[in-house]
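If you want the building blocks of each chain, they are given just below.
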Amino acid sequence: MSIVHVSDLHREYQQGAVTVKALRGVDLTIEPGEFTALMGPSGSGKTTLLNMIGALDRPTSGKLLVDGKDLASLSSSQLSDLRLHRLGFIFQSYNLIPVLSALENAEFVLQLQGMARDERRKRVRETLAQVGLAGMEDRRPGELSGGQQQRVAVARAIAGKPALVLADEPTANLDSATAQGLIELMEKLNHEHGITFLFATHDPRVMEAAHRVVRMVDGKVAEDLRK
Amino acid sequence: MVVLAMRNLFRNTRRTLITVLAITFGLAMVHLTITLQTGSYADLIRTGVSSMAGHVVVQAKGYQEEKDGDLVLTRTAEISQRLAKAFPEGTIAPRLVLGGLITSPRGSVGAAVSGIDGAAEAKLQEIDEHVVQGTWLTGDARGIVIGRDMADALQVGFGDKVVYMGQHGGATEVSSRLFRVIGIFRMGNADLDGFVAFVDLPAAQEAFGQPDVANQVTVHLPDPNRSPAAAAEARTLLADIDGIEVLDWKQALPELFALIEVDKTSGDVMLFLLGAIVAMGALNTVLMAALERTREFGVMLALGLRPQQLARLILTEGLLLGLMGAGLGLVVGTALSWPLVHYGLDYSAYMGDTYETAGVVLSSVIKGRFNPLRMTTYTIAATFMTAAAAIYPAVQVARLQPVEAMRHT
């Protein structure tokens, strides 16, 4: 079963008197274990599509199935549950909670899932070690570098063992070496743990690492390239 | 959730501390006011009840409305004995007040002459301690104790003779009786010092022209809260005596009771307004803190936090703010009230030794009294008012859409 199935997806916004057509009939299917990059110029609809798949926004029309569920039929609470249990998010600007330590940030999702403290802590320590942050559990975001913060964000995204991780420009704020390290980390997680990744990115290194590159232009899929 | 809420509050330590201190000092002022109010009400009730009524008041039917001195009980001794037997822990004080004229060779004044049991009243009132010349009532049938101002008006002193004249009990002729001044008191209150005199009850009964009469027989109990139950008990006890009414202190002094209730209510309104102002400060803090974190809330929603959980986080922050402010307010308020309870607030420089409220003469040193029930109630109310101030921000954040919230800068 596909993790994501998008068919003739449209999304229109109203900006004053102007109707902006962000997505104009997107068709896309993502299978489990894929490592896919969505690329395209600014305004091509990458982030909008990622938000739709992430159940953060609702389409104007079209069909959208995530993890086998038709998002149009889900209530707001059911969408929250889908995000909590089946999806992981990595954002461009890390978006960690500044008053929580690396460990507390990474366990945030598990806490919401209701996992027992001991089991939660054990899993988060393992996950932080996986992303190369062993020994930094008690540091707050302000005490970590950009690359380390993004690794915490990755740990947060994968700790709950999601079916799909959505990453919006995850390397955009990182220097070249740090970005390369992060890409390698995500490749490793994909390869060793079978975690499905979908990126929206401009970064050629991400595109190079991706097994599949979907190019978007003017709210449509212009090219779908599998390596 | 609580840990996260607490850490969120101390992201901006200065702002949180200012809000906590505003709640603390607002509530401390409330506790101070409550302590002073409670002390002054207790003093007002104690003095008012002991001098103007009793915890149980037995009087002739109609006396409460008419206040006619001619409406008297006719079996005073028997009523007093029965009450003394029923309430051995209490003090029984029969009273007969005569309105008339006191004259001396050099002047005359209108006066209220109170016929009382001197020994019993000495236990109840402080007037005997204010005798500045001579003695308090000694059981001397010809003795009279008058106020300093009355003595001045009559130009009499200790040992001088005065004559009381009055018309009582439907008599057609004015009766008169000779007294000797055995004591002069000074309360510092013009009404008491100028127009009140005390004589022993038998002497007043003689002046009234009828033995064994009194306007009231009053019972004073160590526990004022027993007043309604004791009045009910006395009603049963004296049910066989016609033409009498038995009241508790609130029925006997309805004006005093109403005055306290009105004062308490208006005080509560003021305290509520003070609480509302403090709560507005808390609302500002929680709202600002919430607006600053709109983007972060968007991320939390994206990660799977439900809007209700986000609202609960904001409410928890408000509740914690309230708990800190109200807890400190209780401590600071109690500490500031302590000197008022032990030393009192001395207004004698502005009001003299005494002042009058609702006909009751009170000491101008107002002593506070802790009121644990009201202090606890206001502390809890302050906590919940602060928590309630977080409802609006909580509702606002619960309406956030993740994508729009994450765009917020």
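Rules used throughout
- Position numbers for residues count from 1 along each chain, tracking the sequence in the order it is written.
- To read the labels, note that chains go from A and ligands from 1, taken in the order they are written.
- The predicted origin of the model limits local features to residues at a pLDDT of at least 70 and limits the giving and counting of side-chain atom pairs to 80 or more, whereas totals for whole chains, interfaces and linings rest on all residues.
- Counting from the N terminus, the helices are the DSSP runs of H or I reaching at least four residues and the strands are the DSSP runs of E reaching at least two.
- What the globule rule says is 2.2 Å times the number of residues to the power 0.38, and the radius of gyration is computed from C-alpha atoms.
- Counts of 20 or more other C-beta atoms within 10 Å of a residue's own C-beta define buried residues, counts of 12 or fewer define exposed ones, and intermediate counts define partly exposed ones; C-beta atoms are placed from the backbone.
- By the convention adopted here, residues make contact when the C-beta atoms placed from their backbones lie within 7 Å.
- Polarity classes work like this: nonpolar for Ala, Val, Leu, Ile, Met, Phe, Trp, Tyr, Cys and Pro, charged for Asp, Glu, Lys and Arg, and polar for all others, with Gly in that last group.
- Pairing between strands is defined by DSSP: at least two bridges between them are needed.
- Only the stretch in contact is used when fitting a helix axis, every axis being a line fitted to C-alpha atoms; angles between N-to-C directions are given from 0 to 180 degrees.

Counting its regular elements, chain A contains seven helices and ten strands. A globule of 227 residues ought to have a C-alpha radius of gyration of about 17 Å, and chain A, at 17 Å, matches this closely. Principal axes of the C-alpha set define a box for chain A whose edges measure 50 × 40 × 40 Å. Within chain A, the proportion of its 227 residues that are buried is 45%. Long-range pairs, those at least 24 residues apart, make up 70% of the contacts in chain A with a sequence separation of at least 6.

A word on the interface of chain B and chain A. The interface of chain B with chain A comprises 13 residues on the first partner and 16 residues on the second. With four residues, the single largest contributor to the side of chain B that touches chain A is helix α12 (residues 294-303) of chain B. A per-class count over the side of chain B that touches chain A returns seven nonpolar, two polar and four charged.

All names here are of chain A. Strand order in the open sheet made by the six strands is β6-β7-β8-β3-β9-β10, with mixed pairing throughout. The open sheet is flanked by β6 (87-90) and β10 (220-226), the only strands paired with a single partner. If you compare each strand with its neighbour and ignore which way they point, the axes differ by 20° on average. The pairing of β6 with strand β7 (residues 164-168) spans four bridges and is classified as parallel. Residue pairing across strands places F89 opposite L166, the latter belonging to β7.

All we've got here are geometric facts, nothing functional implied.
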